[in-house]
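# Coordinate analysis (summary)
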Amino acid sequence: MSAAAVPTLDAEFYTSGMVLAAEREHIFAENWLLFGPAHELASPGSYRADVLAGHWPILVVRDEIGALRAFHNVCRHRAAMLFADGASGSCKALRCPYHGWVYGLDGSLLSASDFGDESLDKSRYGLFPVRVEVWQGLVFVCLSEWAPPLLEWLGSIPVLSQDYPATTELDYHGQFVVEGEANWKTYCDNTVEGYHLPLIHPRLTEVVARECIDICSYDDGRLVVFHVDYRGDDTSLRGAKGIWYYRFPGFAAVLGQSSFKADRIDPLSTSRQRSTSWAWYKDLTAKDRDEAFAWAKTIVEEDLSVCEQVQRNLEIGIYTRGVLSPKHERHTARFQQMIRQAVGKP
């Protein structure tokens, strides 16, 4: 007996500000989030500021003894940002540009410039700390004190990745960002199914036939992995096999025998999302690296383009709910089930 189709999320899930607020609180704040490459923070005093989940300004810095520290990018005086979004560089201390409060690289308050109250207890006004850990040259942060350690949170990923080189074994090539008018779930609904591949990714379909893809879920559906065999010209860029994976809610990667691409998915608003990607390669010519990098960006753009069309139609009020294929979209069904459970809506 064949499995039955299941209903999709209601369109409201993709348009409601209340739903997005609940997702940030109950999903993104409770999971580890990819921050970026560790090599950008290699030296004591190096820092980088970014905004995660379109909501939290985060600062990561390497302290004097070489340990990574992460903080909310929020001065304890009047809530100014210590560094602009996207800023990076090197410093000996963290100085607020608003009133000049100075913090050590460990987040402790060193000086409240010309404050006028000598009795101020500086130990009470250090920066708000955030958990930070590194896996395979990737920096992750977590806002929750209750989430498991990063390696436990990654679940099956380390074992599944053993046959492929880590970022630390490859040469860093660069970063690209693709941003568009789609809810983050519209994009992730698409990420975990292969139903769309023949029509949305024609070049990819030439080198990866549907019968060469085995899509599996792990860790109670929080991890979806495409086990892929390549054919034809693409083997020169990716090798003969690879894996594409998505770890709920916002970490994805594409691993090949000579490449590693890591992705962070950020919800910017109910109708806008950003995908930030970092890529590493080895054993490829400069031309092939450039081509692989450009193609990786094209694949993300192809996905986001169709997701923008879906988002527009979700917002106009005609479509309220659809159905998911039991053959091709069972991982999308599990993804949507996790959303329902997290935000407490049927």
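On a predicted model such as this, the values are computed, not experimentally measured, just so you know. (Residues numbered from 1 in each chain as written. Predicted model: local features only at pLDDT ≥ 70, side-chain atom pairs only at ≥ 80, totals over all residues. Heavy atoms only, no water.)

## Quick word on helix H9 (residues 330-343)
Between its first and last C-alpha, H9 extends 20 Å over 14 residues, near the 20 Å set by a 1.5 Å rise per residue. The element H9 is largely enclosed, with a buried count of 10 among its 14 residues. Along H9, the residues classified as buried are His331, Thr332, Ala333, Arg334, Phe335, Gln336, Met338, Ile339, Arg340 and Val343. Looking one or two residues beyond H9, the residue adopting positive phi is glycine 344, at roughly 70 degrees. (Helix = DSSP H or I, 4+ residues; strand = E, 2+ residues; numbered from the N terminus. Expected span 1.5 Å × (residues − 1). Buried < 20%, exposed > 50% of the residue type's maximum accessible area, 1.4 Å probe, protein only.)

## Some words on the layout of surface pockets
Taken as a whole, the largest pocket holds about 540 Å³ of empty space. In this structure, the largest pocket is lined by 23 residues; those nearest its centre are Thr186, Asp189, Val310, Tyr319 and Glu329. Of all the secondary structure elements, the ones that give two or more residues to the lining of the largest pocket are helix H4 (184-191), helix H8 (286-315), strand E19 (323-324) and H9. It is H8 that provides the largest number of residues to the lining of the largest pocket, a total of 6 residues. The volume enclosed by the second largest pocket comes to roughly 250 Å³. Forming the walls of the second largest pocket are 14 residues, and the residues nearest its centre are Glu30, Asn31, Arg222, Arg247 and Phe248. (1 Å grid on protein atoms, 1.4 Å probe; cavity = no way out; pocket = protein on both sides within 12 Å on 5 of 7 lines; lining within 4 Å. Points joined across faces, edges and corners; volume = space filled by probe spheres on them.)

## So, the packing of H4 against H9
At their nearest, the axes of H4 and H9 sit 8 Å apart, and the two run at 145 degrees to each other. Of the two possible hands of crossing, H4 and H9 adopt the one that is right-handed. Contacts between H4 and H9 involve Trp184, Lys185, Cys188 and Asp189 from the former and Thr332, Phe335, Gln336 and Ile339 from the latter. Looking at the contact of H4 with H9 residue by residue, the classes come out as 4 nonpolar, 2 polar and 2 charged. (Axes fitted to C-alpha atoms, helices over the stretch in contact; angles between N-to-C directions. Left-handed = near helix turned anticlockwise from the far one by under 90°. Contact = heavy atoms within 4.5 Å. Nonpolar A, V, L, I, M, F, W, Y, C, P; charged D, E, K, R; others polar.)

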